2 protein chains.
Amino acid sequence: MAKPSIPQGTRDFSAEVVRKRNFIFSTIKKVFEVYGFEPLETPAIENLETLIGKYGEEGDKLMYKILNNGISNPKNMEKSKAGFEKVLEGKSSSDLTERALKYDLTIPFARYVAMNHGRLTFPYRRFQIQPVWRGDSPQKGRYREFTQCDADVVGSYSLINEVELASIYHDVFSKLGIKGYEIRINSRKILTALAEVCGEPGKVVEITTAIDKLDKIGIDKVKEELKTKDLTDDQVNLIESYLTMNSEANAGNQAKITALKDFFNDSDEGKKGIKELEFVTANIAADVNIIIDVTLARGLNYYTGIIFEAKAPATVKIGSIGGGGRYDDLTGLFGVPNIPGVGISFGVDRIYDVMTEMNLFPDEVGSGTQVLFFNMGETESRFAFDIMQQLRHSGVACEMYHEPVKINKQFSYAEKKNITYAAIIGSQEIEQKYCIVKNLKTSMQEVVIFDKLAEYFKNI
Amino acid sequence: MAKPSIPQGTRDFSAEVVRKRNFIFSTIKKVFEVYGFEPLETPAIENLETLIGKYGEEGDKLMYKILNNGISNPKNMEKSKAGFEKVLEGKSSSDLTERALKYDLTIPFARYVAMNHGRLTFPYRRFQIQPVWRGDSPQKGRYREFTQCDADVVGSYSLINEVELASIYHDVFSKLGIKGYEIRINSRKILTALAEVCGEPGKVVEITTAIDKLDKIGIDKVKEELKTKDLTDDQVNLIESYLTMNSEANAGNQAKITALKDFFNDSDEGKKGIKELEFVTANIAADVNIIIDVTLARGLNYYTGIIFEAKAPATVKIGSIGGGGRYDDLTGLFGVPNIPGVGISFGVDRIYDVMTEMNLFPDEVGSGTQVLFFNMGETESRFAFDIMQQLRHSGVACEMYHEPVKINKQFSYAEKKNITYAAIIGSQEIEQKYCIVKNLKTSMQEVVIFDKLAEYFKNI
């Protein structure tokens, strides 16, 4: 038999990892809830029709499609064959696959809002923490099954939402202990204005896409790319002068706003974008580390206003740990137009890596069983079992060793499982109504009477 | 455009449902943890090879297989075609599908233990709460995507585990408020002994399968089915007399054990099974409603010792809400023999229905935002925002209405969202440093100074 394995790009999460991940999830969830966001869960599988064509050609390729059941059934066979032919041509066919795995949380959310918009109360604030699947080539930090973690407000144009979402980033990172994070913001309107100022309003996508690569490829390559999009030297220089506002204006957000006002003196769209940045930076608490970054572009084309990127502390070299922005029309794709929204997302796998590298997980997160009751024989263990049950009912995580074996073996089990306390109840202890409690980390031991045992562990 | 929809047998979970489901999950999880079980999460997608053939022919049919990506790629095309031909013949082929969605939690758990048995500390106690997928015909209470909730101990033959698992059922149902539940137990050894006593040791599967249907089809149909398996009238009558022990022995577990001892006087296997039942019933706390049920069979063939079934209170007519049992060889399928185990499972969707019907969800479970800050204008809302942030940081879930619209509209939003408190801060309140807090359910209103606001809501 072949050695069992799991698919490339997927992971088993052992107890320690589950606990650490849950620490991140529950921290984020609590902050979402305190900001009035409601949970939503959508199925892992969606109709292929809902997903196909929504993520570009690449997305259609990387999406996991589910083979219809019963394709070998004689009554389906002709359809199955025709469907397979279509798929071989690179098309999709519901005769072969009707369903696919979720590719992100945004499109299923849009589908949900479109299906339920009559029943929902707007503005609708929802969060969603669920796995998604992409058949990408796996590499460090990139998986084929991974969890996304989104919060969106739909049905509101108010910039208060942007202020709140930036505050959520701050609150989550602070609670997780991630000091030195940065929340970078820009407005897509400013990038639109930049294209207009260049005299190339039709090339906003090309310009944005090139600027988006600045971090990765550097200014010279960005300029090269812009030239391949038929921008003149003057236009490229203008874009370069726009991009340098970031470094010139080290003095802070106010200085950048002043520089932007100069640059977009004649542009209505630019002024609108600057107003958005002004509102957010003016209304956010002083301890939120928000930084205007005119070079921030975000690849996705559907953004129309403020865009966000959360960055890990520079020391850990992990880069982006979250992103988001405002979009004008979430559900238009599903026949329900004019529902605007704004949302952010946390990159949980990267946050996990940041916390590991910065050693930020609290010790308690890793702990399971607190007390191992030793098994001292049939009668003794029967008695100890009842004592243990009382402890469990008061919330202390306990186990009894399953067999009355040599005490060394039981110690070794406790050690391997990183259990802190051993509780020993032999015949003498039963008679005298107490228990020996040994701290296996310090080797200190104490005698605790049965009635005080729950209290003893509660007070530790 | 077609109206958007979700695949048959799948569900969107709105905030209220997510909260209620999480109430069940977290109750179960807390009990598992207090019993020393550790979390495990395995991927949603497994290699098809891991799953295929493990659930019988029906399982292979109902399993969701994932179409390989890139089958239309010229370099894969010949393989894809050959794979498709095999699938058309009703076989499986990794040239068309290498991966499938999880069908249950047990096989992936076995695969995990087999892959990691060198690193795990045995007995290994794990719990797992994750979705699984089956292409069954959807009907009331049966879904194509649903969550399973399992706890297993592997690497131990001790019956203490059985006592603990039955206690877990009790603790969970008690915490959820499900009074009148029943935990029915039997031993597969007794059913094996029954076949032997009949003189048909080779027909244990047929006899068990027929007995398993007793609840659904009644004794007469069970007898008919047994006769179709070539059992004589005498044998069938013997089985009937075995089955009637349940009702004769209304006096309780002790009376049933006495009757069983009589019946299996000459059977070693029977005596072993009776010892198991005696151990579990003798060692369990008196408040656990455990009932020996000699008619309990559980369809799955891999059980070898104690089997469990948890039943909802008879009044709600929902039947089984959990089940499990002992198996001898979990990981033999994956080349690692001789790892015995015992486990139980909770039927979460049915528990949800039981709790809905019995009206057991606490009111708090449904609540999201506690306080809506009214938006009284640009200056006022800016001020109120800072007050709200303080409240959020002390853990109170708040929202601010996103626009400074008529007060009636803001009240109506609070009502629709079932928010209990409105906090109103106008220009006068800013000056006087207090806030008007209105309870929207009682229409009572109070004046609270800003500094006391967090305390006010904490004390409610």
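Treat the numbers as computed from the prediction; the structure is a model and nothing was measured. (Residues numbered from 1 in each chain as written. Chains lettered and ligands numbered in written order. Predicted model: local features only at pLDDT ≥ 70, side-chain atom pairs only at ≥ 80, totals over all residues. Heavy atoms only, no water.)

### Some words on the environment of A:E309
Residues and elements named next belong to chain A.
Part 1 of the argument: Its location among the elements puts E309 in strand β9 (residues 303-311).
Part 2 of the argument: Contacts of E309, omitting those with residues within four sequence positions, involve E182, I183, R184, L296, R298, S320, G322 and G323.
Part 3 of the argument: Within polar-contact distance, the side chain of E309 engages the side chain of R298 at 3.1 Å. (Helix = DSSP H or I, 4+ residues; strand = E, 2+ residues; numbered from the N terminus. Contact = heavy atoms within 4.5 Å. Polar contact = N/O pair within 3.5 Å; in protein donor to acceptor, adjacent residues only side chain to side chain.)

### Considering the relation of the copies chain A and chain B
Part 1 of the argument: Its rotation angle being 180°, the transformation that places chain A on chain B also includes 0.0 Å of axial translation and leaves an RMSD of 0.0 Å. On the angle and the small slide along the axis, the relation comes out as a two-fold axis. Within chain A, A:I66 has its C-alpha nearest the rotation axis, a separation of 2.2 Å.
Part 2 of the argument: Residue by residue, 100% of the interface of chain A is reproduced at the interface of chain B, so both copies engage with the same surface. (Least-squares fit on C-alpha atoms with pLDDT ≥ 70 in both.)

### Considering empty space enclosed by the protein
Part 1 of the argument: One pass over the full model with this rule turns up two cavities of 30 Å³ or more.
Part 2 of the argument: If you add up the space inside the largest cavity, you get close to 60 Å³.
Part 3 of the argument: Residue assignment for the lining of the largest cavity shows that the elements contributing at least two residues are α6 (160-176) of chain A together with β13 (398-400) of chain B.
Part 4 of the argument: Residue contributions to the lining of the largest cavity peak at three residues, all from α6(A).
Part 5 of the argument: Here the residues of the lining of the largest cavity sort into five nonpolar, two polar and three charged.
Part 6 of the argument: Space inside the second largest cavity adds up to approximately 40 Å³.
Part 7 of the argument: Forming the walls of the second largest cavity are A:L372, A:E399, A:M400, A:Y401, A:H402, A:Y413, B:P123 and B:R125.
Part 8 of the argument: Tallied by class, residues from the lining of the second largest cavity come to five nonpolar, one polar and two charged. (1 Å grid on protein atoms, 1.4 Å probe; cavity = no way out; pocket = protein on both sides within 12 Å on 5 of 7 lines; lining within 4 Å. Points joined across faces, edges and corners; volume = space filled by probe spheres on them. Nonpolar A, V, L, I, M, F, W, Y, C, P; charged D, E, K, R; others polar.)

### As for the interface of chain A and chain B
Part 1 of the argument: Across the boundary between the two partners, chain A contributes 97 residues, which contact 97 residues of chain B.
Part 2 of the argument: For the pair chain A and chain B, the two sides together bury roughly 8,200 Å², of which 59% comes from carbon and sulfur.
Part 3 of the argument: Taken together, the connections running from chain A to chain B amount to eight salt bridges.
Part 4 of the argument: Taking the shortest distance from any N to any O, the salt bridge between B:E399 and A:R125 comes out at 3.8 Å. (Buried area = accessible area lost by both parts, 1.4 Å probe. Salt bridge = Lys/Arg side-chain N within 4 Å of Asp/Glu carboxyl O.)

### Digging into the nonpolar core
Part 1 of the argument: Among the nonpolar cores identified, the biggest contains 95 residues, and A:F373, B:I168, B:F173, B:Y242, B:L260, B:F308 and B:F346 are the most heavily contacted of them.
Part 2 of the argument: In terms of residues, this core owes the most to one element, helix α6 (residues 160-176) of chain B, which gives nine residues.
Part 3 of the argument: With residues up to four places along the chain from it excluded, the contact list for B:Y242 reads B:N186, B:I190, B:L191, B:L194, B:L260, B:F263, B:F264 and B:V294.
Part 4 of the argument: Core analysis: the next-biggest nonpolar cluster, separate from the first, contains 94 residues, A:I211, A:A312, B:I387 and B:V396 among them. (Core = buried A, V, L, I, M, F, W, Y, C linked by side-chain atoms within 4.5 Å. Buried < 20%, exposed > 50% of the residue type's maximum accessible area, 1.4 Å probe, protein only.)

### Comments concerning the side chain of B:S156
Part 1 of the argument: Among the structural elements, B:S156 can be located in the loop between β6 (145-154) and α6.
Part 2 of the argument: Classification of B:S156 as buried rests on a relative accessible area of 1%.
Part 3 of the argument: Polar contacts involving the side chain of B:S156 include one to the main-chain amide nitrogen of B:S158, which spans 3.1 Å.
Part 4 of the argument: Among the polar contacts listed, one links the side chain of B:S156 to the side chain of B:N161, at a separation of 2.9 Å.
Part 5 of the argument: If sequence neighbours within four positions are ignored, B:S156 has contacts with A:H402, B:P123, B:N161, B:R326 and B:P340.

### A look at the packing of aromatic side chains
Part 1 of the argument: For the structure on display, the rule yields 47 aromatic pairs over all chains.
Part 2 of the argument: Here A:F23 and A:F361 contribute two aromatic rings whose centre-to-centre distance is 6.3 Å and whose plane-to-plane angle is 65°, an arrangement assigned as edge-to-face. Here A:F23 is found in helix α1 (residues 15-34), whereas its partner A:F361 is found in the loop between α13 (348-357) and β12 (371-373), with 338 residues between them in sequence.
Part 3 of the argument: Of the residues examined, A:F23 reaches a relative accessible area of 22% and is grouped as partly exposed.
Part 4 of the argument: Ring centres 5.8 Å apart and planes at 10° place the aromatic pair A:Y169 and A:F173 in the stacked group. With A:Y169 and A:F173 both in helix α6 and four residues apart, the pair spans about one turn of that helix.
Part 5 of the argument: Positioned above the aromatic ring of A:F13 is the side chain of A:R21, whose terminal nitrogen or guanidinium carbon lies 4.0 Å from the ring centre.
Part 6 of the argument: Its end group placed over the ring of B:Y103, B:R134 keeps NZ or CZ at 4.3 Å from the ring centre. (Phe/Tyr/Trp six-rings, centres within 6.5 Å; stacked < 30°, edge-to-face > 60°. Lys NZ or Arg CZ within 6 Å of the ring centre and 35° of its normal.)

### Examining the sheet that holds strand β14 (residues 421-424) of chain A
Within a sheet, adjacent strands bond to each other through the backbone by hydrogen bonds, running parallel or antiparallel.
Residue and element names in this part refer to chain A.
Part 1 of the argument: Taken in spatial order, the five strands make up an open sheet running β13-β12-β14-β15-β16, and their pairing is mixed. Looking at which strands have only one partner, the edges of the open sheet turn out to be β13 (398-400) and β16 (445-449). Here the strands of the sheet are splayed against their neighbours by 25° on average, with no regard to which way each runs.
Part 2 of the argument: Here β14 pairs with strand β15 (residues 434-439) via four bridges, running antiparallel. (Pairing = 2+ DSSP bridges. Axes fitted to C-alpha atoms, helices over the stretch in contact; angles between N-to-C directions.)

### A look at the domain arrangement of chain A
Part 1 of the argument: Along its sequence, chain A is carved into domain 1 (15-357) and domain 2 (367-459).
Part 2 of the argument: A separation of 51 Å is found between the C-alpha centroids of domain 1 of chain A and domain 2 of chain A. (Domains from an automatic or database assignment.)

### Quick notes on the sheet that holds strand β7 (residues 182-187) of chain A
Residues and elements named next belong to chain A.
Part 1 of the argument: Overall, mixed pairing links the eight strands, which are arranged β1-β5-β6-β11-β10-β9-β7-β8 in an open sheet. Each having just a single partner strand, β1 (38-39) and β8 (290-292) make up the two edges of the open sheet.
Part 2 of the argument: Alignment of β9 against strand β10 (residues 320-327), held across six bridges, turns out to be antiparallel. Bridge pairing in β10 places Y303 opposite Y327.

### A word on the pattern of salt bridges
Part 1 of the argument: Counted under the stated rule, the structure contains 52 salt bridges over all chains.
Part 2 of the argument: Between A:K203 and A:E200 there is a salt bridge; the shortest N-O distance is 3.9 Å.
Part 3 of the argument: Taking relative accessible area as the criterion, A:K203 reaches 19% and is therefore assigned buried.
Part 4 of the argument: Salt bridges sharing common partners tie together A:E38, A:R125, A:E164, B:R392, B:E399 and B:K417.

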